[in-house]
Amino acid sequence: MKHPLAGIPARAVPSADPARTFPRRRRTPPRRRRSFAARRATKRSTAASSLELLLTPQSPGSPTAPPPSLTEVEPYGVERIPDADRSATPLDLFRVAFGGANTFSTCVLGAFPILFGLSFWQGLAATVLGVVAGALILCPMAVFGPVNGTNNAVSSSAHLGVHGRVVGSFLSLLTAVAFFSISVWSSGDALVGGAHRLFGLQRGTLSYVVAYALFAGLVLAVCVYGFRFMLFVNKIAVTSATVLFLLGAIAFAGDFDPSYAGVFTASADASTQSLFWPSFIGAALIVLSNPVSFGAFLGDWSRYIPAGTPRRKVVGAAFLSQLATLLPFVFGLATASIIATKAPKYVDPAAPDFVGGLLAISPAWFFLPVCLLALIGGMSTGTTSLYGTGLDFSSVFPKLSRVQATLLVGVLSIAFIFIGRFGLNLVQSISTFATMIVTCTTPWMVVMMLGFHTRRGWYDPDALQVFNRRQRGGRYWFAHGWNWRGMTAWWVAAVIGVLFTNIPGQFVGPLGDLANGVDISLPLSLAVAAVLFLALLRLFPEPRAAYGPEGARLARTVDAPVPPITGPGAPADDAPPALAAEGGR
């Protein structure tokens, strides 16, 4: 028979020992009624304490701290974001990633299939192929932020070593400067051109200087305030830019002809026909470079997502954000086909001018929306490019805070924008530079994603921060701070990608013509990085301590001592280094 007290916690069950006595409850003396003066003094003391509590600044990680306002400067750098301060959602990641690409810069990339001579439908096929393939490559990079609470460059310490993580930092710096420049130049040109058609503004050097300075200054201000302000800007940009693009569809609906044939028609000569596949693949790769360019930045935005968020939602948000960019891509493709018909001089491959051509074919009532789209798009793209670079640069140069590093990188980028535009005429070559950066960044992303898979998503957050704290040792120290397996896979694949690059009229690598003029640099660098990295992990196993309790996947491990973390802030103990257990699979 079940005891009537069974299941009740033991401390709630009365003692069955009759000899056990319980302490006798003391009677409290009657409380004396305090005087009016005493009660008034107590109220004053309580009010003063409450006021002091309100005025005393609380730490950012405090669970009682109010949510930060838009104009509050973000306090965090690349250190791990406390769980209590992670309030972002996968929808926020979607807004930032989509907002950063829902701009004129993406429209310019969308015009390339027409510049390469493809028809509208051929260009649409190349665009869809590039967007979907790029989104599939990009979306796994979103998981590092929630897992580690920091950006992707810091997370790369686990696969390239404590010192090898600087590779990600400088790749993100170069990518940010390149795409920030493209966004400022394209948006500034659109704003000046729209104001010229709308108000008769002169297209002089002064007008462009003011437009570029306006964009750059606004972007820098948003980046200094930090993530919350950037998220607010992109929330506005996603909705407003989408509405303006749909309005543009109405503006150009009467002129759009989906039967635009391009140059690869049945009557084209054999030499022209032979260039179809190089042009198709080249257009798809240019489109693909847009989502891939976000690889180094996804962790900057996803690190505020709670660690417990299902990974499929985070990955899905990143994937859908790139599928949504079909809107600006198709807008650029369709309007470029109209420009090629009505104003062909603007789509000359030797000197293309998409913004000028768009203004030339636009109805007068669409000039103001063009200016608004340029302003909103420039803000969105610029903030997503520049924010993460300032964030990470503060860890490479520890004497700089996040705000100081952001200002430094911003000032250098602005100087590059003006010198490149007015001094060296780099507007055309910067697109080639951006493509080369993406070719070098993709192998780094492959090493990161395969590393995440082999580690089963397990990381040591404290060991990831060794470089930022100017310490030494830990699980990811490897060989003097470098993991030569990941480093080798990255640089070999990057060099091969550059050698096989083929951008007609701009840059052709020494081996760029081996594929009959087809640019195979990106898929080749992807394949080389994947095969080489996995082979090195099998042939030269990593220490068992670098993997989690479940061991490795697709890799072998070896016993190896883990050097203790030493340096500023490290625990002062003389414990011998831990020895990793054999656990390879």
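Everything numeric here is computed off the predicted structure, so don't read it as measured data.

So, on to the nonpolar core. Residues Phe-104, Trp-301 and Trp-444 are the most contacted members of the largest nonpolar core, which totals 138 residues. Counting residues per element, this core draws most heavily on helix H9 (residues 166–199), at 15 residues. Beyond its immediate chain neighbours, meaning those up to four positions away, Trp-301 contacts Leu-93, Val-96, Ala-97, Phe-227, Met-230, Phe-294, Thr-384 and Tyr-387. Within the second largest apolar cluster, 7 residues are counted, among which are Leu-118, Phe-264, Phe-276 and Ala-283.

Glancing now at empty space enclosed by the protein. The final tally for this structure, using the stated rule, is 1 cavity of 30 Å³ or more. Asn-151, Asn-152, Ala-153, Ser-172, Ala-296, Asp-300, Gly-388, Thr-389 and Asp-392 together form the lining of the largest cavity. Taken together, the elements giving at least two residues each to the lining of the largest cavity come down to helix H7 (152–155) and helix H18 (367–396). Sorting elements by how many residues they give to the lining of the largest cavity places H18 first, with 3 residues.

What follows concerns the confidence of the model for the chain. Detailed conclusions should not be drawn from predicted coordinates in areas where pLDDT is low. Taken residue by residue, the chain gives an average pLDDT of 81. The fraction at 70 or more is 83%. Scored below 50 in pLDDT, residues 1–65 makes 19 contacts in the model with residues more than four places away or belonging to other chains. Considering only residues more than four positions removed or in separate chains, one finds that residues 573–585, a stretch of pLDDT under 50, has 33 contacts.

For the rest of this paragraph, the subject is the pattern of salt bridges. Close approach of charged atoms lets side chains of opposite charge pair. Within the structure shown, the criterion is met by 6 salt bridges. We note a salt bridge from Glu-542 to Arg-455, for which the minimum N-O separation is 3.2 Å. Pair noted here: Glu-542 is in strand S3 (residues 542–543) and Arg-455 is in the loop between helix H20 (429–454) and helix H21 (461–464), with a separation of 87 residues, a long-range link. Comparing Glu-542 with Arg-455, the two get one shared label, buried.

Turning next to the environment of Leu-231. Inspection of the secondary structure assignment puts Leu-231 in helix H11 (residues 227–252). Note: C-alpha distance between Leu-231 and Arg-95 (136 residues apart in sequence) is 7.5 Å.

The rules behind each value
- Residues numbered from 1 in each chain as written.
- Predicted model: local features only at pLDDT ≥ 70, side-chain atom pairs only at ≥ 80, totals over all residues.
- Heavy atoms only, no water.
- Core = buried A, V, L, I, M, F, W, Y, C linked by side-chain atoms within 4.5 Å.
- Buried < 20%, exposed > 50% of the residue type's maximum accessible area, 1.4 Å probe, protein only.
- Helix = DSSP H or I, 4+ residues; strand = E, 2+ residues; numbered from the N terminus.
- Contact = heavy atoms within 4.5 Å.
- 1 Å grid on protein atoms, 1.4 Å probe; cavity = no way out; pocket = protein on both sides within 12 Å on 5 of 7 lines; lining within 4 Å.
- Points joined across faces, edges and corners; volume = space filled by probe spheres on them.
- pLDDT = per-residue confidence, 0-100.
- Salt bridge = Lys/Arg side-chain N within 4 Å of Asp/Glu carboxyl O.

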